[in-house]
Amino acid sequence: MADVDPKLGNLIKKTRLERRLTQEEVAEMIGCHSQYYKNLENGKGMPSVPMFCKIMRVLHISSDEYVWPNQNRGNPTYQSLLNLLSQCGDYKLSVFSPLPRLF
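Residues numbered from 1 in each chain as written. Predicted model: local features only at pLDDT ≥ 70, side-chain atom pairs only at ≥ 80, totals over all residues. Heavy atoms only, no water.

Enquirer: Is there a simple way to think about the pattern of salt bridges in this case?
Expert: Any two side chains of opposite charge can pair if their charged atoms end up close together. Tallied over the entire structure, the rule returns three salt bridges. One salt bridge in this structure joins Lys14 and Glu18, with 2.7 Å as the shortest N-O distance. Taken together, the residues span about one helical turn, with Lys14 and Glu18 both in helix α1 (residues 6-18) at a distance of four residues. Residue Lys14 is classed as partly exposed on the basis of its relative accessible area of 44%. According to the relative accessible area criterion, Glu18 is partly exposed, its value standing at 48%. (Salt bridge = Lys/Arg side-chain N within 4 Å of Asp/Glu carboxyl O. Helix = DSSP H or I, 4+ residues; strand = E, 2+ residues; numbered from the N terminus. Buried < 20%, exposed > 50% of the residue type's maximum accessible area, 1.4 Å probe, protein only.)

Enquirer: What's the story with the nonpolar core in this structure? I'm lost.
Expert: Most often, soluble globular proteins have nonpolar side chains that are buried together. Among the nonpolar cores identified, the biggest contains 18 residues, and Ile12, Ile30, Tyr37, Ile55, Met56 and Leu59 are the most heavily contacted of them. Where this core is concerned, the elements lending two or more residues are α1, α2 (23-30), α3 (34-41) and α4 (49-58). Non-local contacts of Leu59, meaning those with residues more than four positions away in its chain, are made with Ile12, Thr15, Arg16, Arg19, Leu21, Val26 and Tyr37. (Core = buried A, V, L, I, M, F, W, Y, C linked by side-chain atoms within 4.5 Å. Contact = heavy atoms within 4.5 Å.)

Enquirer: Would you mind showing me how to read the confidence of the model for the protein here?
Expert: Note: predicted coordinates in regions of low pLDDT should not be interpreted at a detailed level. Within the protein, residue pLDDT values average 86, and 92% of them lie at 70 or more. When mean pLDDT is taken per element in the protein, α2 scores highest with 97 and helix α5 (residues 63-67) scores lowest with 78. (pLDDT = per-residue confidence, 0-100.)

Enquirer: Please explain the packing of α2 against α3 as it appears in this structure.
Expert: A pair of packed helices is captured by two measures, namely the crossing angle of their axes and the spacing between those axes. Where α2 meets α3, the axes come as close as 8 Å, and the angle between the chain directions of the two elements is 110°. Here α2 is positioned roughly perpendicular relative to α3, judged by the angle of their axes. Relative to α3, the crossing made by α2 is right-handed. Within the contact between the two elements, α2 uses Gln23, Glu24, Val26, Ala27 and Ile30 and α3 uses Ser34, Tyr37, Lys38 and Glu41. Of the residues contributing to the contact of α2 with α3, the split by class is four nonpolar, two polar and three charged. (Axes fitted to C-alpha atoms, helices over the stretch in contact; angles between N-to-C directions. Parallel < 35°, antiparallel > 145°, perpendicular 65-115°, else oblique. Left-handed = near helix turned anticlockwise from the far one by under 90°. Nonpolar A, V, L, I, M, F, W, Y, C, P; charged D, E, K, R; others polar.)

Enquirer: Explain the side chain of Arg16 here, please?
Expert: By the element assignment, Arg16 lies in helix α1. We classify Arg16 as buried; its relative accessible area is 7%. If sequence neighbours within four positions are ignored, Arg16 has contacts with Leu21, Thr22, Gln23, Val26, Tyr37, Glu41 and Leu59.

Enquirer: Before we go on, may I ask you to explain the environment of Met46 in this structure?
Expert: Tracing the chain through its elements places Met46 in the loop between α3 and α4. Classification of Met46 by relative accessible area gives partly exposed; the value is 27%. Remark: the alpha-carbon pair of Met46 and Trp68, spanning 22 residues in sequence, is separated by 17 Å.

Enquirer: Help me out: how do you make sense of a nonpolar patch on the surface in this one?
Expert: On the surface, a nonpolar cluster with roughly 310 Å² of combined accessible area is contributed by Leu85, Leu93, Phe96 and Leu99. Looking at the secondary structure, you find Leu93 in helix α7 (residues 90-96). Judged by its relative accessible area of 33%, Leu93 falls in the partly exposed class. (Patch = residues over 30% accessible without salt bridge, like charges linked within 9 Å, V, L, I, M, F, W, Y side chains within 5 Å. Areas by Shrake-Rupley, 256 points an atom, 1.4 Å probe, with all protein chains shown as cover.)

Next comes the structure, spelled out in structure tokens:
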């Protein structure tokens with residue numbers, strides 16, 4: 001059995017509550033039994049990689065928030081920049097990528 005990481009359960013629960021969804025609604029949206037999803041939120045299991053991806057997509061969570069948590073989540077400017085970058089194609093991203101080195 002995989003090691004259980006409580007950060008994931010805390011993250012998905014916090015985000016689900018922010019989006020005003022029930023555990024049952026999220027379970028239905030990701031195609032699993034509600035008890036399985038409840039267990040994930042309560043730190044009683046770890047999802048498979050495909051299930052992890054479904055959860056992240058349904059709750060609109062960047063996997064970076066789990067893998068590399070950062071303190072800018074509540075910063076509206078940071079969130080706006082992330083939103084804009086997520087809409088960029090490869091060419092636009094290649095134009096933006098050198099900018100941080102200028103500062």
